[in-house]
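# Overview (structure and organization)
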Amino acid sequence: MLELVLWDIDHTLMATGGLGRGLWAEAFQQVTGVAMRKQADVTGSTEQVILRETARLHGIDWDTNLFSRFAEVLGALHVRRAAELRERGHALPGAAAALAALASRGVRQSVVTGNVRTAAEVKLSVFGLDTYLALSEGAYAEDGEERPGLLRTALARAGVAPERAVFFGDTPADITGGREAGVRTVAVATGRTPAGALRDACADVVLDDLSGTDRVLAAVDH
């Protein structure tokens, strides 16, 4: 019996309209004192990994204190510029309806994301998506570097066995993480990875998007 649905955020539930990268670069410069010339690949990665690899690209020594400072600054920037995020970004088609439909069934929902927690909360709240999510049961960049570990953390916080949960994501890393954590995966081709590649990554179900609530619910029941 399904007890928990976990959601990735970026390109699964919402998009920042390009603002996210700008905020990231601003936080990087504030924390390191170095203008960001190039960012490490962000697809499917967590903020800890992206920051570590981006720091290396700029010859900056990495340690966990650097990430702690970065997480605080990045979160604060999202809070300060929430109105701009609302203007430039958007919830993806069908996201709110899917969350509402699952909530009406009594299904608990939370997030597993590479975002720092404050940034994740701002992104969800500006589009009204946080209403349906038990964010205290989620897992965030502060909780680790890899998707399988983040998923296990969220499951532990929710007190739910892997076989009673489903994870929605948009990257092969999400699918691999779900598989390693023992969670069924539904991939949504609303990010940078096309549907065929998500199928090749062995997602249990692949959807083009979340716009058909009946299809989303069928995927959860699959």
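Everything here concerns the structure above.
Residues numbered from 1 in each chain as written. Predicted model: local features only at pLDDT ≥ 70, side-chain atom pairs only at ≥ 80, totals over all residues. Heavy atoms only, no water.

So, about the overall build of the chain. A count of helices and strands for the chain gives ten helices and seven strands. For a compact globule of 222 residues, the expected C-alpha radius of gyration is about 17 Å, and the chain comes in at 17 Å, within 12% of that figure. The dimensions of the chain, computed from C-alpha atoms along their principal axes, are 50 × 35 × 35 Å. Burial analysis of the chain (222 residues in total) assigns 52% to the buried set. In the chain, of all internal contacts separated by at least 6 residues, the share reaching a separation of at least 24 is 65%. Total accessible area computed for the chain in this model is approximately 9400 Å², and 48% of it derives from carbon and sulfur atoms. If you average the places of the 23 positive and of the 29 negative side-chain charges in the chain, the two averages end up 2 Å apart. (Helix = DSSP H or I, 4+ residues; strand = E, 2+ residues; numbered from the N terminus. Rg over C-alpha atoms; globule rule 2.2 N^0.38 Å. Buried < 20%, exposed > 50% of the residue type's maximum accessible area, 1.4 Å probe, protein only. Contact = heavy atoms within 4.5 Å. Areas by Shrake-Rupley, 256 points an atom, 1.4 Å probe, with all protein chains shown as cover. Lys, Arg positive; Asp, Glu negative; His and termini not counted. Charge placed at Lys NZ, Arg CZ, Asp CG, Glu CD.)

What follows concerns the side chain of N115. With respect to the helices and strands, N115 occurs in the loop between β4 (108–111) and α6 (117–126). Within the structure, the side chain of N115 is placed 2.9 Å from the side chain of D10, a separation counted as a polar contact. Polar side-chain contacts of N115 include one of 2.7 Å to the side chain of T113. Those residues in contact with N115 that sit more than four places away from it in its chain are I9, D10, E47, A120, K123, Y140, A141 and E142. (Polar contact = N/O pair within 3.5 Å; in protein donor to acceptor, adjacent residues only side chain to side chain.)

A few words on helix α2 (residues 47–57). In terms of burial, α2 is a largely internal element, eight of the eleven residues being buried. Buried residues of α2: E47, Q48, V49, I50, L51, R52, T54 and A55, and no others. Positive phi appears at G59, one or two residues downstream of α2, with a value of about 70°.

Let's shift gears to the nonpolar core. The biggest cluster of nonpolar side chains holds 55 residues, and the ones touching the most others in it are W7 and F168. At seven residues, helix α3 (residues 64–80) tops the list of elements feeding residues into this core. Counting 14 residues, the second largest nonpolar core, distinct from the first, contains A139, L150, L155 and F167. (Core = buried A, V, L, I, M, F, W, Y, C linked by side-chain atoms within 4.5 Å.)

Of all five residues in strand β6 (residues 184–188), four are buried; the element is thus mostly enclosed. Across four bridges, strand β5 (residues 165–169) lies against β6 in parallel orientation. Bridge pairing in β6 links G169 to A187. Remark: the β5/helix α8 (residues 172–181)/β6 crossover connection has right-handed handedness. In terms of strand pairing, β6 meets strand β7 (residues 205–207) through three bridges, oriented parallel. By the bridge assignment, A187 is partnered in β7 with V206. Handedness of the β6-helix α9 (residues 195–200)-β7 crossover: right-handed. (Pairing = 2+ DSSP bridges. Right-handed = clockwise from strand over helix to strand, strands pointing away.)

Read across the sheet, five strands follow the order β4-β1-β5-β6-β7 without closing on themselves; strand pairing throughout is parallel. Only two strands of the sheet have a single partner each, and these edge strands are β4 and β7. In this sheet, neighbouring strand axes are inclined to one another by 20° on average, regardless of whether the strands run parallel or antiparallel. Sheet analysis places strand β1 (residues 4–7) next to β4, joined by four bridges and oriented parallel. Looking at β4, one finds that V5 is bridged to Q109. Strands in contact with helix α5 (residues 95–104) are β1 and β4; relative to β1, the strand with the most contacts, it is inclined by about 165°. (Axes fitted to C-alpha atoms, helices over the stretch in contact; angles between N-to-C directions.)

What follows deals with the environment of R81. Note that R81 resides in the loop between α3 and α4 (82–88). The spatial distance from the C-alpha of R81 to the C-alpha of A139 is 23 Å, given a sequence separation of 58 residues. Not counting residues up to four positions away in its chain, the partners in contact with R81 are L19, L23 and E26.

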